[in-house]
Amino acid sequence: MISHLRLKTTKNLSPSINMQVDDNGFEFVVINHKNFDATFSLHGAHLIHFQIKQQAPLIYLSKSTPYNHSKAIRGGVPICWPWFGNTEESKSKNLPSHGFARISQWILSAVNEYETGVDLEFTLTATAETKAIWNHDFSLTLKASLSDHIELSLVTDNTSNEDFTYGGALHTYLHVADSGRCSVEGLAASYKDSLDNGKRKNSDQILNINGSVDSIYDANEQKIVVNDESNQRKIVINNKGNDSVVVWNPWIEIAKKFVDLPDDGYKTMLCVESAITAKQGVLVKSGCSHTLKTVIK
Ligand SMILES: O=P(O)(O)OC[C@H]1O[C@H](O)[C@H](O)[C@@H](O)[C@@H]1O
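None of the values given here were measured: they were computed from a predicted structure.

Undergrad: Residues and numbers for the site of the ligand, please.
TA: Every residue close to the ligand is listed here: Arg74, Phe84, Ser97, His98, Arg102, His171, Asp214, Val246, Trp248, Phe258 and Glu273. One nitrogen or oxygen atom from the side chain of arginine 102 is found 2.9 Å from an oxygen atom belonging to the ligand. With respect to the ligand, the side chain of histidine 171 contributes an N or O atom lying 2.8 Å from an oxygen atom. Look at the ligand: alone it shows 390 Å² of surface, and the protein chains cover 79% of it. When its residues are assigned to classes, the shell around the ligand shows four nonpolar, three polar and four charged.

Undergrad: Mind laying out the confidence of the model for the chain, listing which residues take part and the relevant values?
TA: Looking at the chain as a whole, the pLDDT averages 97, with 99% of positions reaching at least 70. Reported confidence for the predicted complex is 0.98 by ipTM and 0.98 by pTM.

Undergrad: Pulling in residues and values, what's your account of the state of the cysteines?
TA: Within this structure, the stated rule accounts for zero disulfides. There is no disulfide at cysteine 80, and the cysteine sulfur nearest it, in cysteine 271, is 9.3 Å away. Residue class for cysteine 80 comes out buried when judged on its relative accessible area of 0%. Here cysteine 182 is not disulfide-linked; the sulfur of cysteine 271 is the nearest cysteine sulfur, at 12 Å.

Undergrad: Tell me about the pattern of salt bridges, and name the residues and values.
TA: Evaluated as defined, the whole model comprises 16 salt bridges. For lysine 201, the salt bridge is made with aspartate 193, and the minimal N-O distance between the two is 2.9 Å. Given the relative accessible area of 24%, lysine 201 is considered partly exposed. Taking relative accessible area as the criterion, aspartate 193 reaches 11% and is therefore assigned buried. Note that lysine 201 and aspartate 196 form a salt bridge whose closest N and O atoms lie 2.8 Å from each other.

Rules of the game
Residues numbered from 1 in each chain as written. Predicted model: local features only at pLDDT ≥ 70, side-chain atom pairs only at ≥ 80, totals over all residues. Heavy atoms only, no water. Near = heavy atom within 4 Å. Polar contact = N/O pair within 3.5 Å; in protein donor to acceptor, adjacent residues only side chain to side chain. Areas by Shrake-Rupley, 256 points an atom, 1.4 Å probe, with all protein chains shown as cover. Nonpolar A, V, L, I, M, F, W, Y, C, P; charged D, E, K, R; others polar. pLDDT = per-residue confidence, 0-100. Disulfide = S-S within 2.5 Å. Buried < 20%, exposed > 50% of the residue type's maximum accessible area, 1.4 Å probe, protein only. Salt bridge = Lys/Arg side-chain N within 4 Å of Asp/Glu carboxyl O.

Next up, the structure:
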């Protein structure tokens, strides 16, 4: 699934984990474990590939996404932080949509391989550049455990002397065989329809994907099941620390407007995001931390 990137190994980190680069020196952590394959980009601490051997990939990656330091990768699990989408402030100050974490270079800070999987940690800390965008000291850690499933915990440590609030998402792009034959169960009873000016609407018990969807469901710590019918599988997602679940698929017309998504990309992706979307965000007191988590199986 990532063979089109033509990566070269620069360093072995453990029997199944290597650092690799593309022709432009863009860095990746590539895991070829006996049970699964996975890849992270250091840009964004972005999981771009996960596939259990002999199974369809669990994570979608756009083949037309660029790999450069000013853009977010389309697909995978972008880390949206410290805000979700375009807030009034980000619009007025022309700040990046979904925050800066997904377009920042992270450090791989811990690697551990064991019989059934691997644990990795990536960190991002405040710099003069991040402070110009968001004026707080912080330490952000992505703790990733990969085995027969994916566990991603995004830990926000407030290392400043003042309290702050944040928002964001683990913006998972699931890989599905045919999004038009997918349904989603376990969503909250009502949602804000971002395609209809955020109007609040009642949910159906099962969401059938058959057109453009961009919905914010209010929910804490929610279990979601995606029926990926054409793959004859159920993808189970458990979230923690979130205040909402965002379901997004651009569908035919909107997909055509994305230069980093093939026109037919909408057919094999479905975003189900563990998110913090409330305007007030989550309060993290000085010296304290908060964890946003998603487990995907
Ligand atoms: O294009 P991006 O900034 O990556 O955003 C992609 C999508 O992210 C979320 O799912 C939002 O709810 C959508 O409104 C947005 O279009």
